[in-house]
Amino acid sequence: MNSYIDSHAHLSMLGPRGIDADARLENLFASGFGAILDVGTKSGDLAERIRAFGRFPAVRFSAGIWPSAEAISDREREIAALEASMAAAEPNRLVAVGECGFDRHWNKAEDGADIKGERELFDAQARLALARDLPIIIHSREAVEETESAIAAVPGLRGVVHCFSYGKEEARRFLDLGFFVSFSGTVTYKNAESQREAARFVPLDRLLLETDCPYLAPLPLRGKSAEPGMVELTYALIAEIRGIPVEELVRAAADNAHELFGLPTRS
Ligand SMILES: [Zn+2]
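Residues numbered from 1 in each chain as written. Predicted model: local features only at pLDDT ≥ 70, side-chain atom pairs only at ≥ 80, totals over all residues. Heavy atoms only, no water.

1. Some words on the overall build of the protein
Quick note on the threshold: What counts as a helix is a DSSP run of H or I of at least four residues, what counts as a strand is a run of E of at least two, and both are numbered from the N terminus. Here the globule rule is a power law, 2.2 Å times the number of residues to the power 0.38, and the radius of gyration is based on C-alpha atoms. Between buried and exposed lies partly exposed: a residue is buried under 20% and exposed over 50% of the maximum accessible area for its type, with that area taken using a 1.4 Å probe on protein chains only. For the area figures, the Shrake-Rupley method with a 1.4 Å probe applies, and any residue is considered shielded solely by the protein chains shown.
Across its full length, the protein holds ten helices and eight strands. Scaling as 2.2 N^0.38, a compact globule of 267 residues should have a C-alpha radius of gyration of about 18 Å, and the protein matches this with 17 Å. C-alpha extents for the protein along the principal axes are approximately 45 × 40 × 35 Å. Across the 267 residues of the protein, 55% fall into the buried class. By element, 50% of the accessible surface of the protein is carried by carbon and sulfur atoms, the whole surface being about 11,400 Å².

Given below as structure tokens:
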């Protein structure tokens, strides 16, 4: 197997969906899989995730707060809890802040969502990333303008727009801000032509691939719970549409994940 990198996974969500994550990871790493970044969504989930998956040397962790209505409304306490959990973690395993960001699918102003609070929750995490010299993992759904202006408001912020759901022009804007762009299994979906256009456009040295498992299994497995091994299908699709060998894409993504997150690379 190629030494694929899954740069965005939620490993602790696999068990509840009937996937034996431990056995799966052992299998993947034994057969040459590269590395996995396990991504946090709640202020209190880091210690438990490190306890569950820290025994795998090629798994690294991020810590962050997804913009749920509850987290937004309780943001001061949430940020304090996040900071405390990060301070308690081994620094060489904790490699990023996030995921955090903007979700205009779930948080709509017309439904009474606290848009200003969502921005504050993001800004606090962006400051945290900057202060600790860590990259940030940004969730951005139907919220290009806000994401772009929030990044631009924090000079020096580096990171990735994960599970990229936009097109080529939007990709250009995030690249101009120095960000990486990460594609998930959605790029394989039939209606995702603009994502594929973006995946052809993003330079090879700014591209990452991910599963966002257990969500968003790539074709032909769409509808199943995803697991990190399925990232292979996304690599195959993007290599094909870029007209390059999969090995070249794997090497580039591994270099990028190493550069941005310090993920281990296999030689
Ligand atoms: Zn995610």
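2. Description of the nonpolar core
Rule in force here: To qualify as a nonpolar core, a set must consist of buried Ala, Val, Leu, Ile, Met, Phe, Trp, Tyr and Cys residues joined through side-chain atoms within 4.5 Å. Working rule for contacts: check all heavy atoms of both residues, and any pair within 4.5 Å makes them a contact.
Grouped together as the largest cluster of nonpolar side chains are 88 residues, with contacts concentrated most on I136, F183 and F261. In terms of residue count, the dominant contributor to this core is helix α10 (residues 246–261) (seven residues). Setting aside anything within four residues of it in sequence, one finds F183 in contact with F164, Q195, A198, A199, V202, L207, L208, L209, E210, T234 and I238.

3. Re the packing of helix α9 (residues 231–242) against α10
Our working rule: The angle between two axes is taken between their N-to-C directions and runs from 0 to 180 degrees, where each axis is a line fitted to C-alpha atoms and a helix contributes only its stretch in contact. For classification purposes, an angle smaller than 35 degrees is called roughly parallel, one larger than 145 roughly antiparallel, one from 65 to 115 roughly perpendicular, and anything else oblique. Working rule for handedness: look at the near helix, and if it is turned counterclockwise from the far one by less than a right angle, call the crossing left-handed; if clockwise, right-handed. Here the term charged refers only to Asp, Glu, Lys and Arg, the term nonpolar to Ala, Val, Leu, Ile, Met, Phe, Trp, Tyr, Cys and Pro, and the term polar to all other amino acids, Gly among them.
Here α9 crosses α10 at 110°, and the two axes come no closer than 9 Å. Looking at the two axes, α9 sits roughly perpendicular to α10. The chirality of how α9 crosses α10 is right-handed. Two secondary-structure elements touch here, α9 through Y235, A236, I238 and A239 and α10 through V246, L249, V250 and A253. Residue composition of the contact of α9 with α10, by class: eight nonpolar, no polar and no charged.

4. Topic: the packing of aromatic side chains
In this description, a pair of aromatic rings is defined by centroid distance and the angle of the planes. Filter applied, for reference: For Phe, Tyr and Trp, rings pair up if their centres lie within 6.5 Å, where Trp contributes its six-membered ring, and each pair is then called stacked (planes under 30 degrees apart), edge-to-face (over 60) or tilted (otherwise). In this scheme, the term charge over a ring applies when either NZ of a lysine or CZ of an arginine sits within 6 Å of the ring centre and within 35 degrees of the ring normal.
A complete count under the given rule lists nine aromatic pairs for this structure. Measuring from ring centre to ring centre gives 6.4 Å for Y4 and F33, while their planes differ by 45°; the resulting arrangement is tilted. Of the two residues, Y4 is situated in the segment before β1 (5–9) and F33 in the loop between α1 (21–30) and β2 (35–38); the sequence distance between them amounts to 29 residues. A connected cluster of aromatic rings, assembled from ring pairs, spans Y4, F29, F33, F56 and Y235. R222 extends its terminal NZ or CZ atom over the ring of Y189, reaching a point 3.7 Å from the ring centre.

5. Topic: the coordination of the zinc ion
The condition that has to hold: Keep in mind that water is not among the atoms, so a site may look incomplete; donors are the N, O and S atoms within 2.8 Å of the metal, or 3.2 Å for Na, K and Ca. When four donors show all angles between 85 and 135 degrees the site is tetrahedral, when four or six donors have opposite pairs over 155 degrees and all other angles between 65 and 115 it is square planar or octahedral respectively, and in every other case it is irregular.
The zinc ion binds to the protein through H8 (NE2), H10 (NE2), E99 (OE) and D212 (OD); the donor distances cover 2.1 to 2.2 Å. Note that the zinc ion binds four donor atoms; their angles at the metal cover 89 to 175°, and the shape is irregular. Read in sequence order, the donor residues coordinating the zinc ion give the pattern H-x1-H-x88-E-x112-D. With H8 in strand β1 and E99 in strand β4 (residues 94–103), this pair connects stretches of sequence that are 91 residues apart. Here E99 falls in the buried class, since its relative accessible area comes to 3%.

6. Comments concerning α9
We apply this condition: Expected helix span is given by 1.5 Å per residue-to-residue step, counting one fewer step than there are residues.
Over its twelve residues, α9 runs 17 Å from end to end, which matches the ideal 16 Å to within 8%, given 1.5 Å per residue. Along its buried surface, α9 packs onto β1, β7 (180–183), α8 (193–201), β8 (207–209) and α10. Positive backbone phi, approximately 70°, marks G243, located one or two places after α9.

7. Points about the sheet that holds β4
The strands making up a sheet associate through hydrogen bonds between their backbones, and the pairing can be parallel or antiparallel. Rules: Should DSSP find at least two bridges between two strands, the strands are taken to pair.
An order of β1-β2-β3-β4-β5-β6-β7-β8 is seen for the eight strands of this open sheet, with the pairing classed as parallel. Both outer strands of the open sheet, β1 and β8, are each paired with one neighbouring strand and no more. Here the strands of the sheet are splayed against their neighbours by 25° on average, with no regard to which way each runs. Note that β7 and β8 share three bridges and pair parallel. Across the sheet, the residue bridging to S182 is L208, located in β8. α9 contacts β1, β7 and β8 of the sheet and is inclined by roughly 145° relative to β8.

8. Things to note about the environment of R93
Examined against the element boundaries, R93 turns out to sit in the loop between α4 (75–88) and β4. Of the residues examined, R93 reaches a relative accessible area of 11% and is grouped as buried. Sequence separation of R93 and R196 is 103 residues, and the distance between their C-alpha atoms is 32 Å. Those residues in contact with R93 that lie beyond four places of it in its chain are G54, F56, P57, V59, R60 and F61.

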